[in-house]
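Survey of secondary and tertiary structure
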Amino acid sequence: MKNKLSWIILIYFVLINTTFAEEKIKVFYSGFSFSNNYESNQMFAQYTSKILEESQKHNEINFISKNILDELNKSSFKNIYLDTKNLLNFDKYPDNAVVMSVVLQHEEFSQEYNYSTNSFSGFYDAFFQILFFDFSDKSLIASIPFEFEKSIISKNKINEKNIIERIKKFYKQDRPFVDLIKLVNQFNIKRKYDLRIGITNVKIKERAFENMPKNAKKFTSSIKNLIAQSFSKRLSHHHNVSIVPYSEGQAIGKNMKFRFVQTDEVYSIKLPSPDYHVDIELKGFKKVLAKQTAVEELYLYGSFINLSIYQPDIGKYYFDESLRGVTQVKIPKNQVDVNDWRKYYYNLEVLFDNFSRNIISQNQKWMKEASKNKIKKKLKDLNKIIEKLK
């Protein structure tokens, strides 16, 4: 009797596991899009939009969309069935369809002359969102941020034409979207999430602009998006959680507008209100000469922020602290033209990455360097909150 009961229990769990394994969500891939309209492309996606405009003029294939589609078609997913045969054919989507789109949200380029190599070093950064939304009411289900960076070395100063040619080569010859599959597989994609987190406010203090490019104030929205995307990507990557997109200058009435590259029509999806809000205030930067030799100088680049994570419905703050991050950078002795902003931005990335890591496992050395206060318990409590988001 005991053996019979054991067999019944075993068969039951086998059947349950088989059922769960078969419960994959069918997702319709709708294509590659911009998280903006034509007017804002000049600010947020100036290089890629020009590449695609040039391709259309010459009746060339949209190689960026093709690159993404090729990666999707030769990949397998753990928890979704992906339909890639009905791009933008919305008539074939059922009312309750879950739709996926790869969205370019922002891109940046910066460069400086390196006196030690007698060449210009350029950096191209592209920031994306993998969006999942409900086709019936056009509401966001989940958003997974990701990014990539391409370095460019040239003996001559890199102009816009050079940048566009290098980006085209990058898209055509490299596989920039290969990690997209890994990111989707890390997430437990569901039709509905009970709790959400998102960056709701980014502030930049006046003195922080002093260490940014001269025209930075004209592109405040762009810089805010850059900061929010950098934080979101690292929190999402380390914790496998969806982040409600931050879209300074793009979201209107809690809607996110995006335009597929295959059509002129602008679509809009409703963004849910996060249950947990993240506020980032960039206070400023500092650069200190720490050491020098006959050939180079060692500088400490510091970034200073206020970071708050809270639940506005009940007025409870889980984290509300000032944080600082410092990185060491070696610069050739005779180098005059130094791109400090690029180094400060890298320092911010490291700070966001360390913060996200320390939520999982607290490092005493980092906590002491990052804050004047004791933050270990707050970080541990944050980890419990983030677990609820999955």
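Since this is a predicted model, take the numbers as computed values, not measurements. Per chain, the residues get numbers from 1 upward, laid out in the order the sequence is written. The predicted nature of this model means local features are confined to residues of pLDDT at least 70 and side-chain atom pairs, given and counted, to a pLDDT of 80 or more, with totals for whole chains, interfaces and linings taken over all residues. Side-chain numbers here rest on the full set of heavy atoms in the structure, without hydrogens or water.

1. Things to note about the packing of aromatic side chains
Put simply, the rule reads: Any pair of Phe, Tyr and Trp rings, taking the six-membered ring for Trp, is counted once the centres come within 6.5 Å. Such a pair is stacked with planes under 30 degrees apart, edge-to-face with planes over 60 apart, and tilted for the rest. Helix numbering and strand numbering both begin at the N terminus, where a helix is a DSSP run of H or I of at least 4 residues and a strand a DSSP run of E of at least 2. Three exposure classes are used, based on accessible area relative to the maximum for each residue type with a 1.4 Å probe and protein chains only: buried under 20%, partly exposed in between, and exposed over 50%.
Taken as a whole and assessed by the stated rule, the structure comprises 27 aromatic pairs. Arranged with centres 5.4 Å apart and planes meeting at 75 degrees, the rings of tyrosine 93 and phenylalanine 135 form a pair that is edge-to-face. Of this pair, tyrosine 93 sits in the loop between strand E2 (80-83) and strand E3 (98-114) while phenylalanine 135 sits in the loop between strand E4 (119-134) and strand E5 (139-154); the two residues are 42 residues apart in sequence, bridging distant segments of the chain. Residue class for tyrosine 93 comes out buried when judged on its relative accessible area of 5%. Ring centres 4.6 Å apart and planes at 20 degrees place the aromatic pair tyrosine 310 and tyrosine 317 in the stacked group. Each member of the aromatic cluster is reached from another via a ring pair, and the members are Phe32, Phe34, Phe128, Phe146, Phe148, Phe170, Tyr171 and Phe177.

2. A word on the layout of surface pockets
Worth spelling out the cut-off: A pocket, in this scheme, is an open set of points on a 1 Å grid over the protein atoms alone with protein on both sides within 12 Å along at least 5 of 7 lines, while a cavity is a set where a 1.4 Å probe fits but cannot get out; residues line either one if an atom lies within 4 Å of a point. Grid points are joined across faces, edges and corners, and a volume is the space filled by probe spheres set on the points.
A volume near 800 Å³ is recorded for the largest pocket. Per-element accounting of the lining of the largest pocket gives the leading share, 8 residues, to E3.

3. A look at the pairing of strand E8 (residues 255-260)
Rule in force here: When DSSP locates at least two bridges between a pair of strands, those strands are taken to pair.
Sheet topology note: the strand E1 (residues 25-34)/E8 ladder contains 2 bridges and is antiparallel. Across the sheet, the residue bridging to serine 33 is phenylalanine 260, located in E8. Sheet topology places E8 next to strand E9 (residues 266-270); 5 bridges connect them, and they run antiparallel. Considered in E9, the bridge of phenylalanine 258 is made with tyrosine 267.

4. Side note on the side chain of histidine 277
What counts, and what does not: Here a polar contact means two N or O atoms within 3.5 Å. Within protein one must be a hydrogen donor candidate and the other an acceptor candidate, and residues neighboring in sequence count only if both atoms are side-chain atoms. Whether two residues are in contact is decided by their heavy atoms: any pair within 4.5 Å suffices.
Following the sequence through the fold, histidine 277 ends up in strand E10 (residues 276-292). Among the polar contacts listed, one links the side chain of histidine 277 to the side chain of threonine 200, at a separation of 3.4 Å. A polar atom in the side chain of histidine 277 sits 3.2 Å from the backbone oxygen of proline 274. Setting aside residues no more than four positions away along its own chain, histidine 277 makes contact with Gly198, Thr200, Ser308, Ile309, Tyr310 and Pro312.

5. Considerations on the confidence of the model for the chain
Just so we agree on the cut-off: What pLDDT reports is the predictor's confidence in each residue, on a scale of 0 through 100.
Per-residue pLDDT for the chain has a mean of 86; in total, 89% of the residues score no lower than 70. Confidence, read as mean pLDDT per element, is least for helix H1 (residues 2-22) in the chain (48) and greatest for helix H9 (residues 364-370) (97). Scored below 50 in pLDDT, residues 12-22 makes 1 contact in the model with residues more than four places away or belonging to other chains.

6. What about the sheet that holds strand E7 (residues 243-244)?
Note the following rule: To get an axis, a line is fitted to the C-alpha atoms, and for a helix only the part in contact is used. The angle between two axes follows their N-to-C directions and goes from 0 to 180 degrees.
As summarised here, the arrangement of the 5 strands in space is E7-E6-E10-E11-E12, forming an open sheet in which the pairing is mixed. Each end of this open sheet is capped by a strand with a single partner; those strands are E7 and strand E12 (316-332). Sheet topology places E10 next to strand E11 (residues 296-311); 14 bridges connect them, and they run antiparallel. What sits directly across from lysine 287, in E11, is tyrosine 301. On top of the sheet, helix H8 (residues 340-360) reaches E10, E11 and E12; it is set at about 50 degrees to E11, its chief contact. Sheet contacts for helix H10 (residues 376-387): E10, E11 and E12; angle to E12, the most-contacted strand, approximately 110 degrees.

7. Topic: the side chain of lysine 343
Residue position: lysine 343 is located in helix H8. For lysine 343, the contacting residues outside a window of four places in its chain are Glu112, Tyr301, Val329, Ile331 and Val338.

8. Side note on empty space enclosed by the protein
To keep it simple, the criterion reads: Polar here means any residue other than Ala, Val, Leu, Ile, Met, Phe, Trp, Tyr, Cys and Pro, which are nonpolar, and Asp, Glu, Lys and Arg, which are charged; Gly is therefore polar.
One pass over the full model with this rule turns up 1 cavity of 30 Å³ or more. Along the lines of polarity and charge, the residues of the lining of the largest cavity split into 4 nonpolar, 1 polar and 1 charged.

9. Observations concerning the nonpolar core
As a reminder, the rule being used: The criterion is simple. A nonpolar core is a set of buried Ala, Val, Leu, Ile, Met, Phe, Trp, Tyr and Cys residues joined through side-chain atoms within 4.5 Å.
The biggest cluster of nonpolar side chains holds 51 residues, and the ones touching the most others in it are Met212 and Phe355. Taken together, the elements giving at least two residues each to this core come down to strand E6 (197-204), helix H7 (220-239), E10, E11, E12, H8, H9 and H10. It is H8 that provides the largest number of residues to this core, a total of 8 residues. Phenylalanine 355 has contacts with Phe231, Leu307, Ile309, Phe319, Leu323, Trp366, Leu379 and Leu382, leaving out every residue within four places of it along the chain.

10. Description of the pattern of salt bridges
This is how it is decided: The term salt bridge refers to a side-chain nitrogen of Lys or Arg lying within 4 Å of a carboxyl oxygen of Asp or Glu.
Within this structure, the stated rule accounts for 22 salt bridges. The shortest N-O distance in the salt bridge between aspartate 125 and arginine 342 comes to 2.6 Å. With aspartate 125 in strand E4 and arginine 342 in helix H8, this residue pair connects regions lying 217 residues apart in the sequence. By the burial criterion, aspartate 125 is buried, and arginine 342 matches it.

11. Some remarks on helix H6 (residues 178-186)
Looking only at H6, the buried set comprises Leu180, Ile181, Leu183, Val184 and Asn185. For H6, the elements touching its buried residues are helix H4 (63-73), E2, E3, E4, E5 and H7.

12. Notes on unusual backbone geometry
For asparagine 118, which is not glycine, the phi torsion reads 55 degrees and is therefore positive. For asparagine 118, the position within the fold is in the loop between E3 and E4. Note on asparagine 118: relative accessible area 44%, which makes it partly exposed. Even without a glycine there, the phi angle at asparagine 240 is positive, about 55 degrees. One can find asparagine 240 in the loop between H7 and E7.

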